[in-house]
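Report on the structure
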Amino acid sequence: MNIHTNTRITIGICVLLFACIFTYASVERAARAQEKAVLFFSSTLRENNIIETISVEGMRYEVVDGTVASEHGQLSDFERYRALRVGYALALARRSPLLGIAGVDPDNLEKSVRELASSTRALANMQKNPRDVALVRDSLYPLDFLKQLASLERARQRFVASGSDTDERVYELSMETTIAAGRTDAERLLHGLKDVAGDPPFRFMTLGGMITKEAILSSAEIVVSRFSEIETASRARIRCLGGSILSCDKRDVMLSIPEPEKSIGEAPYIALRTGAALDLAKDNVRPVLSKSVCLAEEPGPYVFEYGDLRGVSRMPLRYASEGYFMPTKDTIWPLLAHVRDGFNIDYMPMNPIGFYQCPDVLMDIGSVYGVLGAVRFAQSYTYASHERTRLLSSTTYRDSDAIAYLGAAAREISSNGLAESDATLRDLETVLNMWQERNGGLDVLVSLIASVNNYDIKLSARGVPFDLRARTLFLSHSAFPSLFLAMSPSAGVSSVTLRETTSTDLTSIHANIISYTELVRTVPREKIMHDLDALRSFEGISVP
């Protein structure tokens, strides 16, 4: 054996020894990381009184007070780690889901998306050139994202119900698919906006402030970046669940109790017409908000009516604190001139929470659904008797009372520790998520947009001068802040600022939009009612 052979043997032994040391060190590091993860998952679940029944590879475990039990006897450290990991993943899915749409039925959302897709194809076919046809068809609405969002919520609900590691993996993959679809759709929308916006200025007045073309474009850019943010958050959770506890955030499994709102006092409203049959318990249900994005330039509180108001709207929500009208005399808008000349409408009623007036309307809708969710929870359970009595004392439900009640109920339920039933806690978590996310009613909004599109197409075919060109649709009918969940903290961090407001703008707004309170001082109420009825006739709605 020569010196070269000896050298090769020596090098081989050293390489093998190094590999053994490296493997041992890696195993040791993994074991220490697993041990730290077990301690973190266990203590965090215990601190938040989280009880889970979970399943790993078909084996069922009970996670109670941070400990794991199985009917199959003593567990290995690895089995304990896997059970706690799935228990923590389940708590995340229940208490702080990313892209959360608590209160939305995924089947209803899926149906609404199909309706929107059909109306979008019809709008695309009305365009005058191939470019606009493609832009409207492929970029106006985030159809793929909304469809995947429904699948994501379905996967989340299935995981929450089963606690299975298999369903956890399906939920994780659905999250990746939904984020990718959202980013693609957001990029398409931004491209479409830039393509059609052109040089002409675009400004329109709303009671939430002045919306400009520049603000729309910058907001669309932020929407794209928010999907990168949500992807970062999703990957951090995956690392956390993989044992890297530095990527974990304990706040994600805490009950998300909303911040208290200043108590709302008197909440006056205007009843333009009596005899409305409203939904909740067949009473006149009036949710009241402390804040509103759609009516930010008007003084609060903001009273809404919720229910089936006859012949008023496809959305079961109307603003009731005030009515608003646009004069049709001396107008530059062909539609206003059409209703004036054809239907003798001098004052066109306007809907301040319509998605074309308020693209981020889901923030207000979601807040109202949060109030109603709290009411339904209070009607079902008797916690926090003082706050409950105040909330349910009338059918005018104030968000300040709803939030105070939810906070008190959550504290009472938490103080009872492990005695609470799963159903009670699940219901509470759903309502708290509705408040945190503000995405309740998304399915109804999507259906409403489809209905309005179909209605506009129908009237356009009758010769009504609706502007359904691609530029107008992208700038005023895309509702992208709502459809991309751009106001929700569960879907990104960066804030979308859609409006620009100055004192001059406010003067312009109120010069073109007249409140009912102001109008009735100079115009007979009979004339105002005539214009309301004439509008319904114009819309093809029978007037009782």
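Everything below is about the structure printed above this text.
Residues numbered from 1 in each chain as written. Predicted model: local features only at pLDDT ≥ 70, side-chain atom pairs only at ≥ 80, totals over all residues. Heavy atoms only, no water.

One turn of an α-helix holds 3.6 residues; hence residues three or four places apart share an orientation. When the terminal C-alpha atoms of helix α7 (residues 213–241) are compared, their 43 Å separation across 29 residues agrees well with the 42 Å that a helix rising 1.5 Å per residue should span. Gly243 sits one or two residues past α7 and shows a positive phi near 110 degrees. (Helix = DSSP H or I, 4+ residues; strand = E, 2+ residues; numbered from the N terminus. Expected span 1.5 Å × (residues − 1).)

As a further point, take the sheet that holds strand β4 (residues 203–206). An order of β4-β5-β13 is seen for the three strands of this open sheet, with the pairing classed as antiparallel. Strands at the two margins of the open sheet, each flanked by one partner only, are β4 and β13 (499–500). Relative to strand β5 (residues 209–212), β4 runs antiparallel, the two sharing four bridges. Bridge pairing links Phe204 to Ile211 in β5. Each of β5 and β13 touches α7; the most contacted strand, β5, lies at about 75 degrees to it. (Pairing = 2+ DSSP bridges. Contact = heavy atoms within 4.5 Å. Axes fitted to C-alpha atoms, helices over the stretch in contact; angles between N-to-C directions.)

Glancing now at the state of the cysteines. Taken as a whole and judged by the stated rule, the model has two disulfides. In the protein chain, the cysteines engaged in disulfides, taken in order along the sequence, are linked 1-2, 3-4. (Disulfide = S-S within 2.5 Å.)

Moving on, we get to the packing of helix α11 (residues 399–415) against helix α12 (residues 422–437). Their axes nearest at 11 Å, the elements α11 and α12 cross at an angle of 145 degrees. Considering only the axes of α11 and α12, their crossing is left-handed. Contacts between α11 and α12 pair Asp399, Ala402, Ile403, Leu406, Ala410 and Ile413 from the former with Thr424, Leu425, Leu428, Val431, Leu432 and Trp435 from the latter. Of the residues belonging to the contact of α11 with α12, the class tally is 10 nonpolar, one polar and one charged. (Left-handed = near helix turned anticlockwise from the far one by under 90°. Nonpolar A, V, L, I, M, F, W, Y, C, P; charged D, E, K, R; others polar.)

Okay, the packing of helix α9 (residues 362–380) against α11 next. Two elements in contact, α9 and α11, have axes separated by 9 Å at closest approach and are oriented at 50 degrees. In terms of their interaxial angle, α9 and α11 are classed as oblique. Viewed along their axes, α9 and α11 form a crossing whose handedness is left-handed. Taking contact as the criterion, the partners of Val371, Ala374, Phe377 and Ala378 in α9 are, on α11, Asp399, Ala402, Tyr405, Leu406, Ala409 and Ile413. (Parallel < 35°, antiparallel > 145°, perpendicular 65-115°, else oblique.)

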